[in-house]
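Letter by letter, the chains look like this.
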Amino acid sequence: MSVTGRVRCWYEGRGERARYRKQVRAGRRAGGEPDDVGPAPSGYALLPWLLMGMGSFSNLFQGETPNPWVGGLGLLTFNSLYIFVVFRAFDPRTRTAASTRGALALMGAVTFGLALGYGGNWLNFFPLLGLAVGTVARGRWLGRAGVALALLGGATAVVREDWKDAVSVAYGTLLSTLVTAAILSLSQAVRELRAARGELARRAVEKERLRFSRDLHDLLGHTLSVVVVKAEAARRLAPRDLDAALAQVTDIEAVGRQALTEIREAVTGYREGSLPAELDRARSALRAADVEPVLTRSGPPLAPQTAALLGWVVREAVTNVVRHSGARRCEIAVAGDGDRVRLTVTDDGRGGGGCAEDGGPCGTGLTGLRERLAAAGGSLTAGPGAHGGFTVTAELPADGPAVVPHDPSLASPHDPSRTGSAGLPAAAAPAGPSGPTLSP
């Protein structure tokens, strides 16, 4: 590494440590600790271990080492190579470079030569060499390198000293190699996990935004469609039946009030809804648009999550019938066999149904519903009917959708299983015994 590169690394490391200290102080003032693992480790963290060579330096300084010029040159070479290796070990691009491996091999030769030539304190270079190897080696080569260095250090200590020193040197070399590699690998893994958690959080925010856009479409787009339909009905009825027109205006007021209520509940994530309520609302909206509703239902009771999702389908499909089809008749059928439940909405209109007339993709509502049902283990198809008009078919597991728990658009407090529909409000449906009943 060049001098310029080392200076740049030093400044970058200093800036990162300063930011971390600032985060720590801010967290403590707030009454807690920052959710951070601290600055990334660097070669500076391994420099203090060079103090293990102070015994050899002391021998040179006190004249206890034969050929001091050779020992001093060997000590300078080892320290230079050590610094070179440990600083390159923290850059993934340079850690596995041939120059780094060559420096390690040269370190090994210098260590073996000094330890074999002088013994005593010079044997401490083997644990230092193991530490440098631990910063670079990974995978299967780590264990092999650690054992080889330990055996080499132990054999050298037996030749120069005795077996007790050999055990100490071999154990220290193996331990420094494996522990250093384990600590650095763990630190890297923790940082990668935190980066992955940040990415998951970012994706969760994106999914939550998508969920909110779907809810906003269902709340405002569909509700405003009902308001427009009832306003048109009131305009048509006003010249010949003022009372009926006033009834439609009253419904518009109720629709608006119910929409406000549902918007407030959507903000807190506690909208409640059910399939029977949606069917009643659909019947009211269809009749207001001069479309004859035909509703049939068969099969066992549905799980709440399944019923809620099918309610969203009813809402979207019926709104598209009212807005796009020009139909005179709309059939809504719910049929279940214990394992699967199918909802079919068919009209006899022009066949648009909210999809492009040239066969292109459907609108936002049907596309969002198709994604929701697919994530819940179901499916949604929409297209021209066999005898004209348009047909929307939804299928789901009868015992509840298999919701993926990490999908915020389905598993959060705002998912369709916990939120009701919006756009064909309950106020639009006739209430009490006088209201129409669902045919068996």
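What you are looking at is a predicted structure, and each value in this text was computed from that prediction instead of being measured.

Scoring rules and cut-offs
- Residues numbered from 1 in each chain as written.
- Predicted model: local features only at pLDDT ≥ 70, side-chain atom pairs only at ≥ 80, totals over all residues.
- Heavy atoms only, no water.
- UniProt positions renumbered as here; feature names shortened; annotations may be inferred.
- Helix = DSSP H or I, 4+ residues; strand = E, 2+ residues; numbered from the N terminus.
- Pairing = 2+ DSSP bridges.
- Axes fitted to C-alpha atoms, helices over the stretch in contact; angles between N-to-C directions.
- Contact = heavy atoms within 4.5 Å.
- Polar contact = N/O pair within 3.5 Å; in protein donor to acceptor, adjacent residues only side chain to side chain.
- Core = buried A, V, L, I, M, F, W, Y, C linked by side-chain atoms within 4.5 Å.
- Buried < 20%, exposed > 50% of the residue type's maximum accessible area, 1.4 Å probe, protein only.
- Phe/Tyr/Trp six-rings, centres within 6.5 Å; stacked < 30°, edge-to-face > 60°.
- Lys NZ or Arg CZ within 6 Å of the ring centre and 35° of its normal.
- Arc of directions from axis to C-beta.

Turning our eyes to something else, we now look at the UniProt feature "transmembrane region" (unreviewed entry) in the protein chain. Within this structure's numbering, the places UniProt gives as "transmembrane region" (unreviewed entry) are residues 69–90, 102–121, 141–159 and 166–186. Secondary structure content for residues 69–90 is 91% helix and 0% strand, and the end C-alpha separation is 33 Å.

Further remarks concern the sheet that holds strand β3 (residues 340–347). One open sheet holds the five strands; their spatial order is β1-β2-β3-β5-β4, and the pairing between them is mixed. Since the sheet does not close on itself, it has two edges, and those belong to β1 (292–298) and β4 (379–384), each with one partner. Averaged over all neighbouring strand pairs, the angle between strand axes comes to 10°, with direction disregarded. Note that β3 and strand β5 (residues 390–397) share eight bridges and pair antiparallel. Bridge assignment links V345 to a residue of β5, and that residue is V392. Lying on the sheet, helix α10 (residues 275–288) is in contact with β1 and β2 (329–336); it crosses β1 at an angle near 160°.

Here S56 shows up in helix α2 (residues 54–61). A distance of 3.5 Å separates a polar side-chain atom of S56 from the backbone oxygen of N121. Among residues more than four places away in sequence, those in contact with S56 are N121, W122 and F125.

What follows concerns the nonpolar core. Formed by 32 residues in total, the largest nonpolar core has its most connected members in L275, L310, V313, I332, L343 and L380. Of all the secondary structure elements, the ones that give two or more residues to this core are α10, α11 (304–325), β2, β3, α12 (364–375) and β5. Of all the elements, α11 adds the most residues to this core, at nine residues. Leaving out residues up to four positions away in the same chain, L380 has contacts with V313, L366, L369, R370, L373, V392, T393 and A394. Grouped together as the second largest cluster of nonpolar side chains are 30 residues, L104, Y118, L129 and L142 included.

Within the secondary structure layout, A170 lies in helix α8 (residues 163–237). Sequence separation between A170 and L152 is 18 residues; the distance between their C-alpha atoms is 7.8 Å. Each residue touching A170, except ones within four places of it in the same chain, is listed here: A150 and G154.

A few words on the packing of aromatic side chains. In the structure shown here, the tally under the stated rule is five aromatic pairs. For the ring pair Y118 and W122, a centre distance of 4.9 Å and an interplane angle of 35° mean the geometry is tilted. For the pair shown, Y118 and W122 are each scored as buried. In this structure an aromatic cluster arises from ring pairing among F78, Y82, Y118, W122 and F125. The ring of W141 carries the charged tip of R144 above its face, separated from the ring centre by 5.1 Å.

With eight of eight residues buried, β5 is to be regarded as a mostly interior element. Burial of β5 is two-sided: the residues F390, V392, A394 and L396 facing one way and the residues T391, T393, E395 and P397 facing the other way are all buried. Hairpin connection of β4 to β5: five residues between the antiparallel strands, including G388 at a positive phi of 95°.

Within the span of α2, buried status applies to S56, N59 and L60. Seen end-on, α2 carries its buried residues on one side only, within an arc spanning 100°. Contacts from the buried residues of α2 go to α3 (68–88) and α6 (125–136). The positive-phi residue at the C-terminal boundary of α2 is G63, with phi of around 75°.

This next bit is on the environment of T135. Within the secondary structure, T135 is located in helix α6. Taking the C-alpha atoms as reference points, T135 and F87, separated by 48 residues in sequence, lie 9.4 Å from one another. Discounting residues that sit within four places of it in the chain, T135 has contacts with L46, V85, V86, A89, R95, T180 and L184. Within the local environment of T135, its side chain forms a polar contact with the backbone oxygen of A132, the two atoms lying 2.5 Å apart.

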